[in-house]
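The lines below spell out each chain.
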Amino acid sequence: MEDKGVFSFSTCWNIKRHTIGSEMVREIRELGFRRVELNYNVTQEMLTTIEPMIERGEIGISSVHNTFPHVPDPDYGTDSVLLGFGEEDKRLRAIELLVRSAEYTQRYGGEAVVVHPGEVPFPNDISKELEQIYNGQGRDSEAYRSKWAELMERREAYSAGYVQKIIESLDEVCNRALSKGLSVRFGIETRSRPQQIPTLAEAKTIIKALKGAPVGIWYDTGHAIMMDRLGLYDSVREMEGLMGDIVGVHIHETLGLSDHWCPYVNSKDMEFYDAYLPMIERAQVKVYELKAACRPEEIDESHSLLAGKLAARGQA
């Protein structure tokens, strides 16, 4: 496999196949990646065999994904209110865990922490309902429009309050990180469910409120494509307004509403994903975040195509 240079690769690809951390990382190293992103399912036990590899220089760490290491409590999982909790004890715990993720990032020589800020909670799984209607009846159906209106009514009624809590929490996180001498950045990630925060407009609000703090956007291309298709925002046009605030990207393509596929290769579309190359080009940290179904040869081909397109842009 060719050397993937500055690009990093998330452990989400193979973490379910391994219990020993070093074996998981070596499998990624064999793909040609010098750096990895340690995702939120990496356990403390797995780190006992990964840390010696970091110390010996066998692998570099680009980033970690909060909450890190793995926290089994769903209140602090990836689909949670997290930094937007109204209950002060839960919010403070979320802050502590994010600071802990930043400490690990710095210890490992990483540049950034990927952050899921929060969401507007719903009593039902409205994102699953929307996906089923989208796949079965289409976005133009009356059923979809009705369910979407239900989502947006609640989201618009409550999102501003959660966004404000997230701003307060991130401010505390940055102050604590500064007091500890941490120099990593926090990237708030574009999310995969429409009730989750932030939209691209909400991301701008959060970043602007924290101007001067090490907080920017983590642009997950596949998630942004999903939200565009569902109707939450324009993933390309609105992306342009965040170019100056980009921390990192998750590189993957979405087929319909199924994400984490290899760009270009799995879709067989050699042009669609080009719209996201400017953000990938600008990002400080570039991470492939692919699903287990992606085969090594597909990953290699996808990277060759993407790297070639980026090189051509640089020569234009």
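For the structure itself, consult the block above.
Residues numbered from 1 in each chain as written. Predicted model: local features only at pLDDT ≥ 70, side-chain atom pairs only at ≥ 80, totals over all residues. Heavy atoms only, no water.

Caption draft 1: Region of the structure containing the side chain of Ser63. Secondary-structure assignment places Ser63 in strand 3 (residues 60-65). Judged by its relative accessible area of 0%, Ser63 falls in the buried class. A polar atom in the side chain of Ser63 sits 2.8 Å from the side chain of Glu37. Side-chain polar atoms of Ser63 contact the side chain of Ser62, separated by 2.9 Å. (Helix = DSSP H or I, 4+ residues; strand = E, 2+ residues; numbered from the N terminus. Buried < 20%, exposed > 50% of the residue type's maximum accessible area, 1.4 Å probe, protein only. Polar contact = N/O pair within 3.5 Å; in protein donor to acceptor, adjacent residues only side chain to side chain.)

Caption draft 2: Molecular detail of helix 2 (residues 44-55). Its 12 residues place the ends of helix 2 16 Å apart at the C-alpha level, agreeing with the 16 Å of an ideal helix rising 1.5 Å per residue. Within helix 2 the residues assigned to the buried category are Met46, Leu47, Ile50, Met53 and Ile54. Buried residues of helix 2 fall within an arc of 120 degrees about the axis and therefore sit on the same side. Opposite the packed face of helix 2, turned more than 90 degrees from it, sit the exposed residues Glu45, Thr48 and Glu55. (Expected span 1.5 Å × (residues − 1). Arc of directions from axis to C-beta.)

Caption draft 3: Fine view of the sheet that holds strand 3. Strands sit in the order 1-2-3-4-6-8-9-12 around a closed barrel of eight strands; the barrel is parallel. Ignoring which end each strand starts from, the neighbouring axes of this sheet average 30 degrees apart. Direction of pairing for strand 1 (residues 8-10) relative to strand 2 (residues 35-38): parallel, over a ladder of three bridges. Across the sheet, residue Phe9 finds its bridge partner in strand 2, namely Val36. Helix-sheet contacts for helix 5 (residues 142-179) involve strand 6 (185-189) and strand 8 (215-220), and the interaxial angle to strand 6 is about 160 degrees. (Pairing = 2+ DSSP bridges. Axes fitted to C-alpha atoms, helices over the stretch in contact; angles between N-to-C directions. Contact = heavy atoms within 4.5 Å.)

Caption draft 4: Structural view of unusual backbone geometry. With an omega of 0 degrees, the peptide bond running from Asn66 to Thr67 counts as cis. Within the secondary structure layout, Thr67 lies in the loop between strand 3 and helix 3 (88-107). The omega angle of the peptide bond from Phe68 to Pro69 is -10 degrees, so this bond is cis rather than trans. Tracing the backbone through its elements, the reader meets Pro69 in the loop between strand 3 and helix 3. Of note, Lys268 is a non-glycine position whose phi angle comes to about 65 degrees, a positive value. Examined against the element boundaries, Lys268 turns out to sit in the loop between strand 11 (258-261) and helix 8 (277-282).

Caption draft 5: Molecular detail of the packing of aromatic side chains. For the coordinates displayed, the defined rule picks out 12 aromatic pairs. With a centroid separation of 4.7 Å and an interplanar angle of 35 degrees, the aromatic rings of Phe9 and Phe33 are classed as tilted. You can see Phe9 sitting in strand 1 and its partner Phe33 sitting in the loop between helix 1 (21-29) and strand 2, a full 24 residues away along the chain. For the pair shown, Phe9 and Phe33 are each scored as buried. (Phe/Tyr/Trp six-rings, centres within 6.5 Å; stacked < 30°, edge-to-face > 60°.)

Caption draft 6: Structural detail: the nonpolar core. Counting 96 residues, the largest nonpolar core has Leu38, Phe186 and Leu306 as the members making the most contacts within it. No other element matches helix 5, which puts 11 residues into this core. With residues up to four places along the chain from it excluded, the contact list for Phe186 reads Leu98, Ala102, Val113, Val115, Val173, Cys174, Ala177, Pro214, Val215, Gly216 and Val247. By size, the runner-up hydrophobic cluster in this structure holds six residues, among which are Ala112, Val114, Val247 and Val287. (Core = buried A, V, L, I, M, F, W, Y, C linked by side-chain atoms within 4.5 Å.)

Caption draft 7: Quick peek at the pattern of salt bridges. A full pass over the atoms with the stated rule returns 23 salt bridges. Across the pair Arg17 and Glu27 runs a salt bridge whose closest N-O atoms are separated by 3.1 Å. Placement of the pair is Arg17 in the loop between strand 1 and helix 1 and Glu27 in helix 1, with a sequence separation of 10 residues. Measuring nitrogen to oxygen at the nearest pair gives 4.0 Å for the salt bridge that ties Glu172 to Arg176. Of this pair, Glu172 and Arg176 both sit in helix 5, four residues apart, which is roughly one turn of that helix. One network of salt bridges, with partners in common, ties together Glu88, Arg91, Glu172 and Arg176. (Salt bridge = Lys/Arg side-chain N within 4 Å of Asp/Glu carboxyl O.)

Caption draft 8: Region of the structure containing the side chain of His116. Among the secondary structure elements, His116 is positioned in the loop between strand 4 (112-115) and strand 5 (118-119). At a separation of 3.2 Å, a polar atom in the side chain of His116 contacts the side chain of Arg191. When near neighbours in sequence (up to four residues on either side) are disregarded, His116 contacts His65, Thr78, Leu82, Glu189 and Arg191.

Caption draft 9: Expanded view of the environment of Val265. Relative to the helices and strands, Val265 is located in the loop between strand 11 and helix 8. Among the residues examined, Val265 registers a relative accessible area of 6% and is labelled buried. Beyond its immediate chain neighbours, meaning those up to four positions away, Val265 contacts Glu298, Glu301, Ser302 and Leu305.

Caption draft 10: Structural detail: the pairing of strand 4. Residues Ala112 and Val114 line one face of strand 4 and the alternating positions Val113 and Val115 line the opposite face, and both faces are buried. Read as a crossover between parallel neighbours, the route from strand 3 over helix 3 to strand 4 is right-handed. Taken together, the four bridges between strand 4 and strand 6 define a ladder with parallel strand orientation. Each bridged residue has a counterpart across the sheet, and for Val113 the counterpart in strand 6 is Phe186. (Right-handed = clockwise from strand over helix to strand, strands pointing away.)

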